[in-house]
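Here's the letter readout for the chains.
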Amino acid sequence: MDALPRATTRRTLLRSAALIGGALTTQALAPLGRALAGAPAILKPLPADRFVDFGTNAEMRWSSVDPHRYLTPQARLFVRNHTVTPTIDPATYALRVYGDGLRTPRTAADALTVSLRDLRRLPRTTLVTTHECTGNGRSLFSTQQGTPAAGTAWTLGAVGAVRWHGVRLRDLLHHLGIDRDAVSVQATGLDPSYVNGGVDHGPVRRPFPIDKALDDALLAWEMNGEPLLPDHGYPLRLVLPGWVGIGSIKWLGSLEVSTSQLTSPWNTTWYRIGDEPLTTNPVRSAFELPWEAQLPRGSRLRLTGRSWSGAAPIRRVEISADGGATWDRARLGRARQQGWTQWTWTWDRPDVGHHELLARASDGAGRTQPLVAAYNPNGYFFDAVVRHPVSVV
Ligand SMILES: Nc1nc2c(c(=O)[nH]1)N[C@H]1C(S)=C(S)[C@@H](COP(=O)(O)O)O[C@H]1N2
Ligand SMILES: [Mo]
């Protein structure tokens, strides 16, 4: 099959919305973009008790997480769109693969095309990962550390644990044949070009090393046993386990395999700190509680939460209810290779009044959440222990 994939989008309307919005803050822009485009940027319902709606992005509320459920249902998973969710016809969809890193080099114009049916003939695999946005926790740079950072003001809900189903990218690449000098792969989405501040940056795309491609990268068409929802990349997305969410390109249109280092603004301008394009996610923790939760007084309060790391399973979680003076071990649920770890902690005879609860996790790679996150202007990797305000009433 040689047909190019078609993405039906609201390109023109969106572009004008983005241009108008260029001078506004992200938060003001998002609802405006949604209104001007006439159609929502996110297609699934975003009930207010489960989501904070940022327009093109939507955050899961930790207060709505079911402590008895390990995986995050697609309907409840955060969404991060640079523009809008496109509608893609799976019948004509094909992934294009090209580049000088293929055993038989191909230009973009002469790309190999791989249909969904072609992919389903490869060995299939299933993998649970923690799926998380690089900027998760960003608003805490402002509220907890007094140093605001630019970008969507997520608290801690730009994360979920999901079970992906699809094929390993290495199986596809070995099937197609790659050159032993290939070093870099660039994934490009079929969503509209990202226009910001009047500059058209082209479609969302980000390169990653061939080592990741040949290690655990996946091409997924299912999440938690269901076809991907349009908002989460239907009909096919890339998944880079443990890595920053931007690496997991949705509505995957093409893969370029190259013998030279590929770049895009998504690794040279954004999603980097200093000289380093960001890869592995840090360690973070969250209580399954609303912000400023009102907890009933009593002798024992049982609290639940989760911790996760992009590098290794969680080994230890400690809780402090006295601002970090003393720490007490939380009880961990089953350890998982790549998903998050659930935990419980019992608060004995809490005093009535206002408190801050702290959860601090350590992972098997020897990383422990710091008390202060390293500031960077785009607010990536807020990994500090969060001071979660609650009242015992
Ligand atoms: N094509 C495309 N892929 C994309 C994005 C996007 O805007 N377009 N956003 C990225 C970012 S920043 C994140 S955090 C994840 C979010 O995935 P989700 O919306 O399925 O939760 O998708 C990534 N893949
Ligand atoms: Mo992200």
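So, how was this worked out
Residues numbered from 1 in each chain as written. Chains lettered and ligands numbered in written order. Predicted model: local features only at pLDDT ≥ 70, side-chain atom pairs only at ≥ 80, totals over all residues. Heavy atoms only, no water. Pairing = 2+ DSSP bridges. Helix = DSSP H or I, 4+ residues; strand = E, 2+ residues; numbered from the N terminus. Buried < 20%, exposed > 50% of the residue type's maximum accessible area, 1.4 Å probe, protein only. Phe/Tyr/Trp six-rings, centres within 6.5 Å; stacked < 30°, edge-to-face > 60°. Lys NZ or Arg CZ within 6 Å of the ring centre and 35° of its normal. Salt bridge = Lys/Arg side-chain N within 4 Å of Asp/Glu carboxyl O. Near = heavy atom within 4 Å. Polar contact = N/O pair within 3.5 Å; in protein donor to acceptor, adjacent residues only side chain to side chain. 1 Å grid on protein atoms, 1.4 Å probe; cavity = no way out; pocket = protein on both sides within 12 Å on 5 of 7 lines; lining within 4 Å. Sits in = over half its atoms within 2 Å of the grid points. Nonpolar A, V, L, I, M, F, W, Y, C, P; charged D, E, K, R; others polar. Domains from an automatic or database assignment. Contact = heavy atoms within 4.5 Å. Buried area = accessible area lost by both parts, 1.4 Å probe.

A. Broad picture of the sheet that holds strand β26 (residues 341–348). With antiparallel pairing, four strands are arranged side by side in an open sheet as β20-β22-β26-β25. What marks the edges here is a single partner per strand, and that holds for β20 (283–287) and β25 (331–332).

B. Just the side chain of Thr341, in detail. The topology assignment puts Thr341 in strand β26. Taking relative accessible area as the criterion, Thr341 reaches 1% and is therefore assigned buried.

C. Structural context of the packing of aromatic side chains. Under the definition given, this model contains 13 aromatic pairs. With 5.5 Å between their ring centres and 50° between their planes, Trp62 and Trp340 make a pair best called tilted. One end of the pair, Trp62, is in the loop between β3 (57–60) and β4 (79–80); the other, Trp340, is in the loop between β25 and β26, with 278 residues separating them in the sequence. Grouped by ring-pair contacts, the aromatic residues Phe54, Phe78 and Trp154 constitute a single cluster. Over the face of the ring belonging to Trp327 we find Arg360, whose NZ or CZ atom lies 3.9 Å from the ring centre.

D. Structural context of the pattern of salt bridges. Applying the stated criterion across every chain yields a total of ten salt bridges. The partner of Glu288 in a salt bridge is Arg306, with the nearest N and O atoms 2.5 Å apart. Here Glu288 is found in the loop between β20 and β21 (293–295), whereas its partner Arg306 is found in strand β22 (residues 300–309), with 18 residues between them in sequence. Asp363 is the partner of Arg367 in a salt bridge, and the nearest nitrogen-oxygen pair spans 3.0 Å. Judged by its relative accessible area of 4%, Asp363 falls in the buried class. When salt bridges with common partners are traced through the structure, they connect Arg316, Glu318 and Arg360 into a single cluster.

E. Local environment of the site of ligand 1. The full set close to ligand 1 counts 20 residues, and His82, Asp191, His232, Arg237 and Lys250 are the nearest of them. At a separation of 3.0 Å, an oxygen atom of ligand 1 approaches a polar backbone atom of Arg80. In this structure, an oxygen atom belonging to ligand 1 sits 2.6 Å away from a side-chain N or O atom of Lys250. Under a 2 Å grid-point criterion requiring more than half of the atoms, the pocket assigned to ligand 1 is the largest cavity. Residue composition of the shell around ligand 1, grouped by class: eight nonpolar, seven polar and five charged.

F. View of the domain arrangement of the protein chain. What the domain assignment reports for the protein chain is domain 1 (12–277) and domain 2 (284–392). In this complex, domain 1 contributes 40 residues to the contact, which on the side of domain 2 involves 33 residues. Buried area between domain 1 and domain 2, both sides added, is near 3,100 Å², and the carbon and sulfur share of it is 60%. Counting the surface domain 1 buries against domain 2, the share from its top three residues, Trp62, Tyr70 and Phe141, is 24%. The partner of Arg284 in a salt bridge is Glu132, with the nearest N and O atoms 3.0 Å apart. On inspection of domain 1 and its partner domain 2, the count reaches 18 residue pairs in polar contact (both at pLDDT 80 or more).

G. Representation of the sheet that holds strand β2 (residues 51–53) in the model. Spatial ordering of the open sheet is given by β2-β3-β4, a layout of three strands whose pairing is antiparallel. With one partner strand each, in any of the chains shown, β2 and β4 form the two edges of the open sheet.

H. Looking closely at unusual backbone geometry. With an omega of 10°, the peptide bond between Tyr234 and Pro235 qualifies as cis. Considering the arrangement of structural elements, one finds Pro235 in the loop between β15 (226–227) and β16 (237–239). At Trp251, a residue that is not glycine, the phi angle is positive and equals roughly 45°. Here Trp251 is to be found in the loop between β16 and β17 (252–258). Look at Phe381: it is not a glycine, yet its phi comes out positive at around 55°.

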